[in-house]
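# Structure at a glance
As a plain string of letters, each chain reads:
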Amino acid sequence: MLLRLLAMNTSSDEVLLAATNHDIEVLRTLLKKDPTLAKVQDADTGFSPLHAAIASCEADEEEGEDERAEEKAVNGEGDAVNNDALDEDGALATVKLLFENGAIWNELDTADETPGCLALRLGLNKVYETIVDAGVRAELLFGRLDQYDLLGDGDDEAEEEEQDDDAIVGFEPSPVEPRQKAPWQQPNGTANGVEAVEGFEPAPNPSYKIEDEAEGGTAQTSTTTTAESTAEEKVTEPVLSNPNVNNADYLKSELTYSGDRLLDSDKNAVMMDWETEIMKISADQLAPKPGLRTMNVGHGMGIVDRMFLENQPAMHHICEAHPAVIQRLKETGWYDKPNVTVHEGRWQDVLPKLVEQGVVLDGIYYDTYAEDYKDLKEFFTEYVIALLEPDGKFGFYNGLGADRQVCYDVYTKVVEVDLFDAGLDVEWTDIAVPDLKSRNEWDGVRYPYWGSIKTYRLPTCKFVG
Ligand SMILES: C[S@@+](CC[C@H](N)C(=O)[O-])C[C@H]1O[C@@H](n2cnc3c(N)ncnc32)[C@H](O)[C@@H]1O
């Protein structure tokens, strides 16, 4: 890569080369002239300067096996292995400088790796942690901006509707994990088809844009970055490739219960039997003894509701919005079970009524489908705090960013901060994710998730004491 870049002479190439060489002085000069250069991408590899700074710590492909073995012996398995690898500090300084200039933490290269994926794969732990921190700051910042954007003046319905239809680029829903969508997840899940969220430091020229979603949701995002182009010049047409990714469309779609899974009409897994252990531990954490008052939002296959009932609650509320699932609840006798109340409708409509009625609960679980992080946030900021006993517990299905480790790590921290803002402390219980691929769990499912993630982090939240 180094040689190829040497032959180039545009500002983009210069910045990629300086990043590759961890040449802080040159990089600083280039970025001072044009900070948007922190966001360029190499046309062939899709490398951003962040990728370049990290990738130069990787062993050369031409390097012989013997040399590599020798270096591994010196550096230890899993550590970065070539001479440049010894310059993790250089990579770290470069990465920090790039973030200060608005580099994008979750940009994908053509090999479908973000800078964080690369750092993790190469064992560059300090760089990885810096990227996670930058991702957290960027996501928190955009979360706040999103909130601010949605506030509007509050008295113009047309304006509010319009705002709902707008999308900040980088906040597109994703079919990669439709159960819970983190804002950055790209519409079609392909490499380079992503318009990502900026780095944490306010860039001199903020480059996120508000764009109207295309009607019908059928095309793809395309991002073109030429050697001289900037983030502002990227051509982005974010639209949905999956008609079921928003909650309203999902609730109108057909569902299929087939043995060990519940699929939507696009063959996305709404719920799968392998998640039983997660449901069991969640119910046990939230209602550890008989006689408690519990609620589950999102019935799905009814697994977590069965687990709640095993713990003999004094009352158990179920809130479910999909007509096919409600039909199933009727057919399988849930309406007749003692101490169970089924609430038909979206939690957004049901919960305000429960608050009004003065319902108080000891345990609340949230596991819906085709909703975004901001829905989960609204759920705990508005309703958990209104319905939960002072010593009650709240849990949710934690699949945010579960398609890659760096995103999962970022959202673990983002949700922790937002929970704390809402007055809730979270404790994580680690559960090993089974090897779903070798068990053929994804056969017949459109978008597998939990791909590379080995540990599910199960949240149990209590009011800050
Ligand atoms: C992933 S499944 C829940 C699986 C469940 N935890 C289990 O153990 O089987 C999600 C459920 O949430 C329901 N749902 C989606 N959006 C909803 C909303 N806004 N309000 C209430 N239920 C919703 C879906 O119809 C679906 O039944």
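Before going into details, it helps to say that this report is about the structure given with it. (Residues numbered from 1 in each chain as written. Predicted model: local features only at pLDDT ≥ 70, side-chain atom pairs only at ≥ 80, totals over all residues. Heavy atoms only, no water.)

## Focus: the environment of aspartate 305
- Mapping aspartate 305 onto the fold places it in helix H12 (residues 303-310).
- Of the polar contacts made by the side chain of aspartate 305, one reaches the side chain of histidine 299; its length is 2.7 Å. (Helix = DSSP H or I, 4+ residues; strand = E, 2+ residues; numbered from the N terminus. Polar contact = N/O pair within 3.5 Å; in protein donor to acceptor, adjacent residues only side chain to side chain.)

## Some words on unusual backbone geometry
- Positive phi, close to 65 degrees, is recorded for lysine 267, a residue that is not glycine.
- Within the secondary structure, lysine 267 sits in the loop between strand E5 (261-263) and strand E6 (269-272).
- Phi angles above zero are rare outside glycine, and alanine 370 is one such case at about 60 degrees.
- For alanine 370, the location among the structural elements is in the loop between strand E10 (361-366) and strand E11 (371-372).

## A word on the site of the ligand
- Close contacts around the ligand come from 25 residues, with Tyr250, Met301, Val304, Glu320 and Asp367 the closest.
- Interatomic distance of 3.2 Å between a side-chain N/O atom of glutamine 348 and a nitrogen atom of the ligand.
- Between a nitrogen atom of the ligand and a side-chain N or O atom of aspartate 367, the distance comes to 2.8 Å.
- Relative to its free-state accessible area of 610 Å², the ligand is covered by the protein chains to the extent of 100%.
- Looking at the shell around the ligand, the elements that each hand over two or more residues are helix H10 (247-252), E6, H12 and helix H14 (347-357).
- Residues belonging to the shell around the ligand are distributed by class as follows: 11 nonpolar, 9 polar and 5 charged. (Near = heavy atom within 4 Å. Areas by Shrake-Rupley, 256 points an atom, 1.4 Å probe, with all protein chains shown as cover. Nonpolar A, V, L, I, M, F, W, Y, C, P; charged D, E, K, R; others polar.)

## Looking at helix H2 (residues 11-20)
- The buried fraction of H2 amounts to 8 of the 10 residues, a majority that puts the element mostly inside the structure.
- Those residues of H2 that sit buried are Ser12, Asp13, Val15, Leu16, Leu17, Ala18, Ala19 and Thr20.
- The positive-phi residue at the C-terminal boundary of H2 is histidine 22, with phi of around 55 degrees. (Buried < 20%, exposed > 50% of the residue type's maximum accessible area, 1.4 Å probe, protein only.)

## Side note on the packing of helix H15 (residues 373-387) against helix H16 (residues 405-421)
- Packing of H15 against H16 brings their axes to within 10 Å, and their N-to-C directions diverge by 30 degrees. As the angle between them shows, H15 and H16 are arranged roughly parallel. For H15 against H16, the interelement crossing comes out right-handed. Only Tyr411, Val414, Val415, Asp418 and Leu419 of H16 make contact with H15, whose side of the interface consists of Tyr373, Leu376, Lys377 and Phe380.
- Its residues assigned to classes, the contact of H15 with H16 shows 7 nonpolar, no polar and 2 charged. (Axes fitted to C-alpha atoms, helices over the stretch in contact; angles between N-to-C directions. Parallel < 35°, antiparallel > 145°, perpendicular 65-115°, else oblique. Left-handed = near helix turned anticlockwise from the far one by under 90°. Contact = heavy atoms within 4.5 Å.)

## Let's talk about the pairing of strand E7 (residues 293-297)
- With 4 of 5 residues buried, E7 lies mostly within the body of the structure.
- Where E7 and strand E8 (residues 315-320) come together, 5 bridges link them in parallel fashion. Bridge pairing in E8 links threonine 294 to histidine 316.
- Once you follow E7 into H12 and on to E8, the crossover reads as right-handed.
- Here 4 bridges tie E7 to E10, and the two strands are oriented parallel to one another. The partner of valine 297 across the bridge, within E10, is tyrosine 366. (Pairing = 2+ DSSP bridges. Right-handed = clockwise from strand over helix to strand, strands pointing away.)

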